[in-house]
Amino acid sequence: MKEYFKSWIPKIKNYSLKLDKLSKLYNQPWVVINELNDFMKIIFQEKGKLIVSKNGVVSDGDWELISVANSILLNINGEKKLYNHQFIDNGLMILKLDGFSNDFLVLANQNLIPDLDIENYLNTKYS
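All values reported here derive from a predicted model rather than from experimental measurement.

Cut-offs used in this document
- Residues numbered from 1 in each chain as written.
- Predicted model: local features only at pLDDT ≥ 70, side-chain atom pairs only at ≥ 80, totals over all residues.
- Heavy atoms only, no water.
- Buried < 20%, exposed > 50% of the residue type's maximum accessible area, 1.4 Å probe, protein only.
- Helix = DSSP H or I, 4+ residues; strand = E, 2+ residues; numbered from the N terminus.
- Pairing = 2+ DSSP bridges.
- Phe/Tyr/Trp six-rings, centres within 6.5 Å; stacked < 30°, edge-to-face > 60°.

Caption draft 1: Representation of the pairing of strand β7 (residues 92–97) in the model. Here β7 lies mainly inside the structure; 6 of its 6 residues are buried. Of the two faces of β7, the one lined by Leu92, Ile94 and Lys96 and the one lined by Met93, Leu95 and Leu97 are each fully buried. Here 5 bridges tie strand β6 (residues 79–88) to β7, and the two strands are oriented antiparallel to one another. When the bridges of β7 are listed, Tyr83 appears paired with Leu97. The turn linking β6 back onto β7 is made up of 3 residues. The loop that links β7 with its antiparallel partner strand β8 (residues 104–109) comprises 6 residues; one of these, Gly99, has a positive phi angle of about 100°.

Written out as structure tokens, the structure reads:
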């Protein structure tokens, strides 16, 4: 899946919103898409609050926009990770773990992509 997203990012980068426009993405059910098939929903709230539901178990977290690095800092269950902006639109957010890692955090807006079919979303919207 990592290679799949790596191949799409150069094609869609010009359509991306800026990370500092995240205010448009508040209070939306963002679902993490990964190979583990865990269902993790993240809701960004104003003032840096984060609601995280993993397979129905809810925990609090926080987030902070790091504009100078075009990054976002996520603190979930005491674990802080810095992610760099790769792509954001109203339906999809792709972030990459900072550093030399190829770990992507891919989030689908469940309101706009209810079936969470990212492949179909990308093909329909950007092909």
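Caption draft 2: Focus on the packing of aromatic side chains. The full count for this structure, using the stated rule, is 4 aromatic pairs. On the basis of an interplanar angle of 45° and a centroid distance of 5.9 Å, the ring pair of Tyr26 and Trp63 is categorised as tilted. Here Tyr26 is found in the loop between α1 (2–12) and β1 (30–33), whereas its partner Trp63 is found in strand β4 (residues 57–66), with 37 residues between them in sequence. The buried category is assigned to Trp63, whose relative accessible area is 10%. Chaining the aromatic ring pairs together yields one cluster made of Tyr15, Phe87 and Tyr126.

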